[in-house]
Amino acid sequence: MKSLTSRRARAIVVALAAGSLALTGCSENKGTNSSANSKEDQKKAAEQSKAVSYADAKASAGPAPEVPGAKSGGTVTVYQEAGLTHVDPGQIYVSDAGQLSNLIFRGLTNFSEDGKGNVSVVGDIATDAGKSSDGGKTWTFTLKDGIKDQNGNEITSADVRHTVERTYAEFIFDGPTYLQNWLSGPKYREALPDGGFGKKHLPDSVLETPDDKTVIFHFDTARPDLPQTLAMPGYSIVPEKTDTKEKYDKAPVALGPYKISEYKVGKSLKLVKNDQWDPKTDSVRHQYVDGWDFQFGVTESTQTKRLISDQGDSKNAIQFTGSVDATQIQDVISDPSVNKRTIKGFQPYVMQLTFNLDRVKNKTVRDAVTYAVNSKSLIAGEGGAYGGDVAPNLFAPTLPGYEKDYDPYGRLKTPQGNIEKAKELLKDVPAAEKKLVFAYGNTEQGQKRKVAIEDALGKVGIDVVSKEIDSASYYQQIGELDNPYDMYITGWGQDWPSPGTVVTPIYDGDQVAKGSSNYSHINDPKVQELIKKALTQEPTEAAKTWRDAHHYILEKVNPAAPLWYTKQFQLYGSNIGGARYSTESSYIDVTRLFLKS
């Protein structure tokens, strides 16, 4: 799941995730039992590593089960600090747009959850989660009847083909690339340079649409995770007739229960009901409220103050991907009437200080920074025990194969940083190599992180030059191959419960490209060898290979210093009904909300 702003798919992203880039503030988290909270949270996190089941046609048929006490009408107010990164499905791979996606878009499949930690893949516009054959190399999907876009055009297999093919186009650079790589290899753009907008299309031997209702994917090896991949927001359907290429990012066409009525980029977004959406075809979403009013530019401290006061429109408001401001956590948990309006859960994200290996070439410097960084102060800024736990490695507690005691840099023993070890490593390093440019987002949260990084690294003699960048385009800017930064904080969460959805997107050398999630530009032959080996193995056999890859990456290359594992703690207004934590998105579940009055 993409970087922490975006929802993961069994992650967003996770994707993302990250308020838009995670949580904020400086904590005065007094009186909380951090150790007890962490142990309980990690126990719950293990539940999120459960295997996802694939549902049949019956479970994929609509309508979605009614939410107890649900009523119709009214508008939900949404508080969000940074503007949306993208609204073109093909560009969506972070948590903010991923949350929005479940309101306005639909894909071949989707995730469904029961509120008890169990997640399944259901058919969304498809009749089921897909049927595999040929040892898992071939997957067939049949489209449901009556699926229309907001303009009343019926969705056919041609639209699914177009959705896949357009992801090959050069203007699509920020979304997931699993499907493209699986179909056409790492140089997939060469297979269809114009993204299917001309006369050329992918051959039937790769993607077959024999009739209006049937879509068949052909792979050169088994792809058992395909149903989960297709449930990612980045593969939501883009109708062929109304695709405006680059302009689509400003005015996409909806298939979900809501559509965009007004969008002022970075300022506001209004959604209204999509009258072409048929609940009988949708087993996940509801359309209880009349609309959604997104207000961007509302800091997390302001969001929290408004929601604690619970006056006027704030009664009808939610935090979308933001979290309770760390400095106000005590105000929330100490008041039972406020605390009952919260959702809490462990996120799948590992926050890390990522090194640009094209610029920070000396591993000794990278190791010194890894020893020096102060996870304790960074976590304090996220809300202490409510904001996160110290990360000793690059795998999250929600991920199968997580090793809680694997701690090669002693992060658990010295969470505030091992200053002496870092100084020792740096004693013979030239001064020029100890000057590092650090990029941070222009949010309250980004400012707090900047201070923590400067303070920790300054103590060991590293000259940190901090550069502020726009938070809405943060991942886009650090995703440039020739970006002018030495290091930046990134967050990554699994796209579904497999180490492959962590190691492959961010540590695979074949993924070094503009807009790729390989933000460190790591390209190591040994890592490549282990990735290729793991991808051909069954999950139980692959587990050891992924572990070997993880250990090699962290110890022998060190492309990123692990900092902390994130937790979610969100607040909503007293008139919001149906609120619950989503295991799938790691945020409030937006598919079932209603207003009580």
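So, here is what we can say about the structure in this document. (Residues numbered from 1 in each chain as written. Predicted model: local features only at pLDDT ≥ 70, side-chain atom pairs only at ≥ 80, totals over all residues. Heavy atoms only, no water.)

**Regarding the side chain of Thr321**
Residue placement: Thr321 occurs in the loop between strand S12 (317-319) and helix H8 (329-333). What makes Thr321 buried here is its relative accessible area of 0%. There is a polar contact of 2.7 Å between the side chain of Thr321 and the side chain of Gln80. (Helix = DSSP H or I, 4+ residues; strand = E, 2+ residues; numbered from the N terminus. Buried < 20%, exposed > 50% of the residue type's maximum accessible area, 1.4 Å probe, protein only. Polar contact = N/O pair within 3.5 Å; in protein donor to acceptor, adjacent residues only side chain to side chain.)

**Quick word on the packing of helix H10 (residues 363-372) against helix H12 (residues 419-426)**
At their nearest, the axes of H10 and H12 sit 8 Å apart, and the two run at 165° to each other. Judged by the angle between their axes, H10 and H12 are roughly antiparallel. Here H10 runs over H12; the crossing is left-handed. Two secondary-structure elements touch here, H10 through Thr364, Val365, Asp367, Ala368, Tyr371 and Ala372 and H12 through Ile419, Lys421, Ala422, Leu425 and Leu426. The residue inventory of the contact of H10 with H12, partitioned by class, reads eight nonpolar, one polar and two charged. (Axes fitted to C-alpha atoms, helices over the stretch in contact; angles between N-to-C directions. Parallel < 35°, antiparallel > 145°, perpendicular 65-115°, else oblique. Left-handed = near helix turned anticlockwise from the far one by under 90°. Contact = heavy atoms within 4.5 Å. Nonpolar A, V, L, I, M, F, W, Y, C, P; charged D, E, K, R; others polar.)

**Looking at the pattern of salt bridges**
Taken as a whole and assessed by the stated rule, the structure comprises 25 salt bridges. As a salt-bridge pair, Lys532 and Asp510 come within 3.7 Å of each other at their nearest N and O atoms. Here the residue Lys532 occupies a position in helix H16 (residues 525-535), and Asp510 occupies one in the loop between helix H15 (500-507) and H16, the gap between them amounting to 22 residues. A residue is classified by how much of its surface remains accessible, and Asp510, at 37% relative accessible area, is partly exposed. Between Lys526 and Glu529 there is a salt bridge, and its shortest N-O distance comes to 3.9 Å. Highlighted residues: Lys526 and Glu529, both in helix H16, separated by three residues, approximately one helical turn. (Salt bridge = Lys/Arg side-chain N within 4 Å of Asp/Glu carboxyl O.)

**What about the sheet that holds strand S7 (residues 207-211)?**
Pairing is antiparallel across the open sheet formed by four strands, whose spatial order is S5-S6-S8-S7. Each edge of the sheet is formed by a strand with only one pairing partner; in this case those strands are strand S5 (131-133) and S7. On average, each strand axis in the sheet is tilted by 20° relative to the strand beside it, whichever way the strands run. Across five bridges, the pairing between strand S6 (residues 138-142) and strand S8 (residues 214-218) is antiparallel. If you follow Thr142 over to S8, its bridge partner there is Thr214. The strands that helix H4 (residues 157-166) touches are S7 and S8; relative to S7, the one it contacts most, it runs at about 165°. (Pairing = 2+ DSSP bridges.)

**Observations regarding the packing of aromatic side chains**
Counted by the stated rule, this structure contains 20 aromatic pairs. For the pair Trp139 and Phe141, a centre-to-centre distance of 6.5 Å together with 20° between the ring planes defines the contact as stacked. Classification of Phe141 by relative accessible area gives buried; the value is 0%. Residues Tyr178 and Trp496 carry aromatic rings whose centres are separated by 5.1 Å and whose planes lie at 45° to one another, so their mutual orientation is tilted. One end of the pair, Tyr178, is in helix H5 (residues 178-184); the other, Trp496, is in the loop between strand S17 (487-493) and H15, with 318 residues separating them in the sequence. Given the relative accessible area of 3%, Trp496 is considered buried. Within the aromatic cluster, the residues linked to one another by ring pairs are Tyr54, Trp139, Phe141, Tyr178, Trp182, Phe217, Phe219 and Trp496. Against the face of Phe197 rests Lys245, its NZ or CZ located 4.8 Å from the ring centre. (Phe/Tyr/Trp six-rings, centres within 6.5 Å; stacked < 30°, edge-to-face > 60°. Lys NZ or Arg CZ within 6 Å of the ring centre and 35° of its normal.)

**So, the pairing of strand S4 (residues 119-123)**
Most of S4 is tucked away: five of the five residues are buried. Residues Val119, Val121 and Gly123 line one face of S4 and the alternating positions Ser120 and Val122 line the opposite face, and both faces are buried. Looking at chain direction, strand S1 (residues 53-54) and S4 are connected through two bridges and run parallel. Its bridge partner lying in S4, Tyr54 is registered against Val121.

**Quick word on the sheet that holds S17**
Sheet strands pair by backbone hydrogen bonding; their relative direction is either parallel or antiparallel. Read across the sheet, six strands follow the order S14-S18-S13-S17-S15-S16 without closing on themselves; strand pairing throughout is mixed. Looking at the sheet topology across the chains shown, the edges are occupied by strand S14 (388-390) and strand S16 (463-469). Within this sheet the neighbouring strands show an average axis-to-axis angle of 35°, counted without direction. Where strand S15 (residues 435-441) meets S16, seven bridges bridge the pair, whose relative direction is parallel. Considered in S16, the bridge of Ala439 is made with Lys467.

**What to know about the environment of Arg166**
Checked against the element boundaries, Arg166 lands in helix H4. Spatially, the C-alpha atoms of Arg166 and Asn118 are 33 Å apart, while their sequence positions differ by 48 residues. At a separation of 2.9 Å, a polar atom in the side chain of Arg166 contacts the side chain of Asp88. At 2.7 Å, the side chain of Arg166 and the side chain of Asp243 are in polar contact.

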